[in-house]
Amino acid sequence: MNQEMNCFFLLSLLLNTPTLQISMSHILKRKENKFLLIALVVFAISAATFFFNLHRYSENVTENIAVERKITQIDKIYNNYLTSIIHKRGYQFGLDKESLDRFLAYNKTNQLLINEFSKEVTGPEMEKLYEELVHSNLDRRDLLARHIAYLDSMTQEAALSIIISENPEILKTSLALENAFANLKEYLEGESLELEETGEKLTLVNNVGFVILGLLVVGFITGTFIQTRKQTLLEAEKENQEEILRITRNSEIQFSTSFQNAAIGMALVSREGRFTEVNRSLCKLLGYSEEELVGLTFQEITHPDDLFTDLEYAQQLLDQKIESYSMEKRYFKKDGETVWINLNGTAVWNEDGSFRHFIAQIQNITPRKLAFEALQDQKNRFENVIRGTNAGTWEWNVQTGETVFNETWAEIIGYSLKELEPISIQTWADFAHPDDLERSNEILQKCFTGESEYYECECRMRHRDGHWVWVLDRGKVMSWTYDGKPEKMFGTHIDISKFKSLEDILLQKEAFINAMLDTLDVGIVVCDEKGELKLFNRTTLALHGLDSKNIPQDEWSRHYHLLKEDGQTFLEKEEVPLYRAWKGEWVENQIICIRHTSGEVYYVSASGSQIRDELGNIQGAVVAMKNITESRKIGLELEERERKFKGIFNSTFQFIGFLDPDGTLVEANQTAMDFAGLKPADVVGKKFWDCYWWQISTETQEKLRSAIHQAAQGEFIQYEVAVWDKEKNPVTILFNLKPLFDSAGEVTAIIPEGRLVQEIVDARKSLEEKNKELERFASVASHDLKEPLRMIVSFLQLLERKYKGQLDEKADQYIHFAVDAAQRMNILISDLLDFSKVGNENTTKEEIDLNLIIKDQEGYFSQLLNESGGTLDFASLPIITGKKVPISLLFRNLIANAIKYRKPDLPPKITIEGKDCVDHWELSVTDNGIGVDSEYREVIFEMFKRLHTKQEYPGTGLGLAVCKKIVEQHNGKIWVESNPGSGSSFHFTLRKS
C-alpha cells in the first residue's frame, strides 16, 4: 500500500513539476537546441516506460486485493462452518431447539457463501480446488443432516450411539473438508505471494527508472536552465513541498480511517510494549475503553505462558532480524476471561533509521480454537473408545476389494498387520471358518440390497496357534456408487470368545435350571414385562392340566380355573397372584384353589414378586405355588387333634405347662390355673419362678431357677417341693422338669409337671417313722437275740469240747447239729439286720472311685483267693455317684458268690468290667463257676431263695436280695446271664445322676 502511494506521489510530482513544464515549453520554443530535444525524447521514452510499469503495478495491486478478498471469504466460510458445528454439538448433547435453529441458519449461510465464492473462481487449478471444496462440504453437510435426522427420529441415547459408531466417517469427511479449505487457501496465499513479488519487482524497476529519469531530467534541465530559472525552481520547490504535505495528510487520514474501521483489532505499540493507539475492534475484543487500553502494556494482558515467545519475536524485530512475525497467543480480557488471538506484528522505522513503533494486527481466533479442541477431543474420544473396547476396525471398498484393518484386527488372530500384508478382503476370507462364510455372505447381500441397514455376524477366525476365535463382525455401507451399488463399508471386529464360553455356560445353566424347576414340587409360573405368560414348570402343568398360553390377563382366572378359597368363586383379575406380583405387589402365602381339567380341586399357597434387573428395570414377575391340599387336610386334622389335646391337657389332674429354655412360661393347663385361682394372663410370658405358685419362699424360687437351668442343659429333674394354693397354703407336689429335644439334640422346650402328693408325703412320713421304729426294733431284737444265742453257742461248744467222745456217737451228732444251727442262726440274724439297714441309711450320695472299692475287696478276699488259686481282674472302672457303704456291700456279695459257687476242680477267675452308656453305667461281675439255669435267673434275687443245700454251699439266701435292693436304691436294675457249667455274669446299672 505504501509502495502504491509512493508511486502515485512520484508520478504526480513529476507531472506537476513546474520546472519540467517550463523546461518543456522552452525546449519547444528553441528547436535548434538538438541536445535539449534529445533530452526531451529520452525523457518521454523514460516517462512512457515509467507510466507503463505504473499501470502494470496498479493492475498487480488490484489483483492482489482481489486475492486477499478471496482469502477473507474462505476464512469467513471456514469460521461459519466451525460455528455451525458448535451449534450442532449443542443440539446433539442438549437437544436445544435454539442450537438447532442456529445450526440450520449457519449451515444455510455457509452454502450461500460457497455458491457466492464461485464467482471469484478463475483458472482451471482454482476450479479444481473449488470443486473439491464443494464436494467435501456437500459430504459433510449430508452427514450432519443425517445426524440431525437421527436425533429427531429416535431417543437421544440411541442417536448418540449411532453417531459414535459413525466416528470414522465423521473424521474422514471433516478431514476432507479441512484439507479442501487448507488447499484452496494455500493456493490463494501462493497466488498472493506471487503478486506481491511481481509488485516488488515493478516497484524496483519504477524506482530505478524514476531515479535514472530524475537524474537525466534534472541533469539536462539543471544544466540548461540553472542560471536562468533559480527563482522559478525555488517557487516550484515550495509548491512541491506543499503538495507533498497535502498528499501525506490525505494518506494519514486514509490510514487513520482504515485503522479505526478495521474488522480486526489493530494497535500501535511503543518500544516498551505500551499501547499508544488502539482501534475500536481491539477495545471491543478485550472489553476495555480506548482510554483504559492505551494506559496498558501488552505484557500486562498477555497470558504468562505466551509472553516469552512474544517478547522474543519483538526483540528480533527491533534487532531487524525479521521483518514481521505471526503467532497464536492468549490475552486476558478486562473481565478476566481468556481469549485466543492471532497476532501479526511489524516494526515501522523513521527516515533516519530510528525505531518509530510496532504495528499489531490482532484477530480473534477463540471460536476456531474451541472448535479445533472439540474436534480433537472427539477424535481422542473415538480413539480411546477403539482402544478401550479392544475392537478391531475395518474399511472395505466393496467395488475394488481394497481393505484397511487396524492393528487390533490382526492381534485378535495372533498376527501383526505387517505379517498379513498384502491385505485385501481375501485376507478375511482366508482366515474365516468355511462354515461361516456362506452365512456371512447372506447377511452381506441383505445389506447390499437394502433389506438390512447393518451387517452383523458372529463367525470364527483361525488363530495363529490353530484354535478358532469367535468374533462379532459389525458394519454398515456408508457410501454408494451413482448406480446404487455399495462402495465403502466400515465396521468393527470384536473378540467374543469369552462371551461365547459364557453363553455356553449360560445355556448349560438354563438347561440345569429348567431341569431343576421341573423336579421341584412347587409350581412356578412366569410372565414377562408385558404381562405375557412365558413359563409353566412341570408341577404347574400338573396342577392345571393346561400348558401356558398367551391369553389376555382378564382371561387368566377362567381359562386356568383359578378359584377363591371356597373352591367355587373365580378370582377377579386383581386377585390373581401373578397379576398382583406383575403390578408390583409382594404376594406371600395367598391361598387359592385350582380346578384341574379332571375336575379335582387343589389348594395352593402362592407367593411371588416382580423380577427386576440390576438397574431396577422390570423384567416380569414370578409366582411359586405350593400344593397344600394334603397339608391342609393334615392341618384340619391337627386342629382337631389340638382341640382334643387341649381338652385332655386342661382336664388332667396333673399340673402341666410349657416353658422356653430360658424359663419363660408359654402355657399352663387349667388344672394349674384353678389350683392357684389364676388366669393365663397372670402368668403367661413371665419367668416361671416369678409366678404365684413359687412365691412361697426365696429358696424355693432359687431352687426352681437352678433346676430350669439344668433342664435347659438336657437333664431330667425331679424333686418334691411345697407350693402355694389359692389360699397361700403350702401343698407338696412331685415336680418334674422334662426337656424336649430337636433333631440336632438341642433343647427346644421344657415341660414342667406337678402331681399332688401331699397324702403320699403324709403317708411316707408315717411310714418313715414306723421304719425307724422297725429299725430300732430290728437292732434291739437282733442284739437281744444274739446275746442268748451267743451263750447257747458258747455253752454248746464247751459241752462239745468237754464231752466229745465220752458220750455215744448219737449224742456227739446232736451236739454238733445244735452248735451248727446256733452259728447259722447268728449269721441269719446279721444278714437280716444288714438287709433292713439297706435303704434306710441317712448318708448322702458321693463320688465313688470303683477302682478303689475293688482294691479294698481284693484285700478282703485275698486269703480265700490264695487258698483257691483264684484271680480277680479289673481295669479302668468309672467314678460313680452313690452311697459308698451299700456299693461296697454290693461288690462284696457278688465277689463272695463267685468264689463260693466255683467249680471244685477249677480255680475261680473273676472279671469286673464297666461300660459307659448315655445316662447310666453298666457294670458286670463275671466268673467261671457252676452257672445258673435259665429258669432260676429271676428267683435267685428273692429273699431266702436257695438253689443248693446248706451242705453243698452254706448261706442264708439273702446275699443277692441285698444286691438287688442296693441297685434299685440307686435307680438301677440287676440281672444275670448264665448257663449251667459255663459260669455266670451278673450285670447291673447305676444312673450317672
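Quick caveat, the model's predicted, so the values are computed rather than measured.

A. Looking closely at the overall build of the chain. Secondary structure assignment for the chain yields 31 helices and 28 strands. Split into buried and exposed, the 993 residues of the chain put 39% on the buried side. Relative to all contacts within the chain whose residues are 6 or more apart in sequence, the contacts with residues 24 or more apart total 53%. Looking at the chain as shown, the accessible area adds up to about 57400 Å², and 54% of this sits on carbon and sulfur atoms.

B. Quick look at helix α4 (residues 97-117). For α4, spanning 21 residues, the distance from its first C-alpha to its last is 30 Å, which sits close to the expected 30 Å at 1.5 Å a residue. Among all positions in α4, only S99, L100, F103, N107, N110, Q111, L113, I114 and F117 are buried. The buried residues of α4 occupy an angular sector of 160 degrees when projected down its axis, which confines them to one face. Facing away from the buried surface of α4 by more than 90 degrees, the exposed residues are K97, K108 and L112.

C. Layout of the packing of helix α30 (residues 884-900) against helix α31 (residues 959-969). Taken N-terminus to C-terminus, the directions of α30 and α31 make an angle of 145 degrees; their axes are 9 Å apart at the nearest point. Judged by the twist between their axes, the crossing of α30 over α31 is left-handed. On α31, the residues touching P886, I887, L889, L890, N893, L894 and N897 of α30 are G959, L960, V962, C963, I966, V967 and Q969. Across the contact of α30 with α31, the residue classes tally to 10 nonpolar, 4 polar and no charged.

D. Looking closely at the sheet that holds strand β27 (residues 974-978). Spatial strand order, β23-β25-β26-β28-β27: 5 strands in an open sheet with mixed pairing. Edge positions in the sheet fall to β23 (871-874) and β27, since each has one partner strand and no second. Shown here is a sheet whose adjacent strand axes are inclined to one another by a mean of 15 degrees, direction ignored. Relative to strand β28 (residues 984-991), β27 runs antiparallel, the two sharing 5 bridges. Within β28, the position partnered with E977 by the bridge is S985. The sheet strands contacting helix α28 (residues 850-860) are β23, β25 (909-916) and β26 (920-926), and the helix crosses β23 at an angle near 175 degrees.

E. Summary view of the confidence of the model for the chain. When pLDDT is averaged across the chain, the result is 80; 82% of the residues are at 70 or more. Low pLDDT, under 50, characterises residues 1-24; the stretch is placed with 39 contacts to residues that sit more than four places away or in other chains. Within the model, pLDDT remains below 50 along residues 26-32, and this stretch shows 6 contacts once partners closer than five positions in the same chain are excluded.

F. Here's a closer look at the packing of α4 against helix α5 (residues 124-153). Taken N-terminus to C-terminus, the directions of α4 and α5 make an angle of 165 degrees; their axes are 11 Å apart at the nearest point. If you check the angle between α4 and α5, you find them roughly antiparallel. Relative to α5, the crossing made by α4 is left-handed. Taken together, the residues of α5 that come into contact with α4 (itself represented by L100, F103, N107, N110, Q111, I114, N115 and F117) are M126, Y130, V134, N137, R141, L144 and I148.

G. Region of the structure containing the packing of aromatic side chains. The full count for this structure, using the stated rule, is 21 aromatic pairs. With centroids separated by 3.8 Å and ring planes inclined at 5 degrees, the aromatic side chains of F405 and W409 adopt a geometry described as stacked. As far as the burial class goes, F405 and W409 line up, both buried. Summarising the aromatic geometry, the rings of Y579 and W582 are spaced 5.9 Å apart at their centres and angled 55 degrees between planes, so their arrangement reads as tilted. Remark: W582 and Y579 occur in helix α21 (residues 577-582); sequence separation between them is 3 residues, near one turn of the helix. Owing to a relative accessible area of 17%, W582 belongs among the buried residues under this scheme.

H. Structural view of the side chain of T366. In this fold, T366 is placed in helix α13 (residues 366-389). Of note is the side chain of T366, whose polar atom sits 2.9 Å from the backbone nitrogen of W340. Setting aside residues up to four positions removed in sequence, T366 forms contacts with V339 and W340.

I. Quick peek at the state of the cysteines. Applying the stated criterion across every chain yields a total of 0 disulfides. C459 forms no disulfide, and the closest cysteine sulfur to it belongs to C457, at a distance of 4.9 Å. A relative accessible area of 1% places C459 in the buried class.

J. Quick look at the nonpolar core. I74, Y81, F117, L133, F181, L184 and L188 are the most contacted members of the largest nonpolar core, which has 35 residues in total. For this core, the secondary structure elements donating two or more residues are α3 (34-94), α4, α5, α6 (156-165) and α7 (167-225). Not counting the four nearest positions on each side in its chain, L184 is found in contact with I74, F117, M126, L129 and L133. V932, V967, I974 and L990 belong to the second-largest nonpolar core, a separate cluster that totals 34 residues.

K. Local environment of helix α12 (residues 304-318). With 15 residues, α12 should cover 21 Å at 1.5 Å per step; its first-to-last C-alpha distance of 22 Å lies within 8% of that length. In the core, the buried residues of α12 are packed alongside α11 (298-301), β3 (324-332), β4 (338-349) and β5 (355-364). A positive backbone phi angle near 60 degrees is found at Q320, which sits one or two residues after α12.

L. Region of the structure containing the sheet that holds strand β16 (residues 618-627). Read across the open sheet, the 6 strands follow the order β12-β11-β16-β15-β14-β13; overall the sheet is antiparallel. Single-partner strands in this sheet number two, and they are β12 (533-536) and β13 (562-563). Taken together, the 9 bridges between strand β15 (residues 601-612) and β16 define a ladder with antiparallel strand orientation. Bridge pairing in β16 places I611 opposite G620.

M. Fine view of the pattern of salt bridges. Tallied over the full model, the rule gives 31 salt bridges. The salt bridge partner of K329 is D310, with a shortest N-O separation of 2.3 Å. Of this pair, K329 sits in strand β3 while D310 sits in helix α12, placing them 19 residues apart in sequence. Residue classification places K329 among the buried residues on the basis of a relative accessible area of 0%. Measuring nitrogen to oxygen at the nearest pair gives 3.1 Å for the salt bridge that ties R755 to E753. Salt bridges sharing common partners tie together R146, E166, E169, E453 and K476.

N. Structural detail: unusual backbone geometry. The amide bond that connects E421 to the next residue, P422, takes the cis arrangement and shows omega of -5 degrees. Take P422: it is sitting in the loop between α15 (417-420) and α16 (425-431). In this model, Q320 sits at a positive phi of 60 degrees, which is unusual for a non-glycine residue. With respect to the helices, strands and loops of the structure, Q320 is situated in the loop between α12 and β3. Of note, S876 is a non-glycine position whose phi angle comes to about 50 degrees, a positive value.

Cut-offs used in this document
Residues numbered from 1 in each chain as written. Predicted model: local features only at pLDDT ≥ 70, side-chain atom pairs only at ≥ 80, totals over all residues. Heavy atoms only, no water. Helix = DSSP H or I, 4+ residues; strand = E, 2+ residues; numbered from the N terminus. Buried < 20%, exposed > 50% of the residue type's maximum accessible area, 1.4 Å probe, protein only. Contact = heavy atoms within 4.5 Å. Areas by Shrake-Rupley, 256 points an atom, 1.4 Å probe, with all protein chains shown as cover. Expected span 1.5 Å × (residues − 1). Arc of directions from axis to C-beta. Axes fitted to C-alpha atoms, helices over the stretch in contact; angles between N-to-C directions. Left-handed = near helix turned anticlockwise from the far one by under 90°. Nonpolar A, V, L, I, M, F, W, Y, C, P; charged D, E, K, R; others polar. Pairing = 2+ DSSP bridges. pLDDT = per-residue confidence, 0-100. Parallel < 35°, antiparallel > 145°, perpendicular 65-115°, else oblique. Phe/Tyr/Trp six-rings, centres within 6.5 Å; stacked < 30°, edge-to-face > 60°. Polar contact = N/O pair within 3.5 Å; in protein donor to acceptor, adjacent residues only side chain to side chain. Disulfide = S-S within 2.5 Å. Core = buried A, V, L, I, M, F, W, Y, C linked by side-chain atoms within 4.5 Å. Salt bridge = Lys/Arg side-chain N within 4 Å of Asp/Glu carboxyl O.

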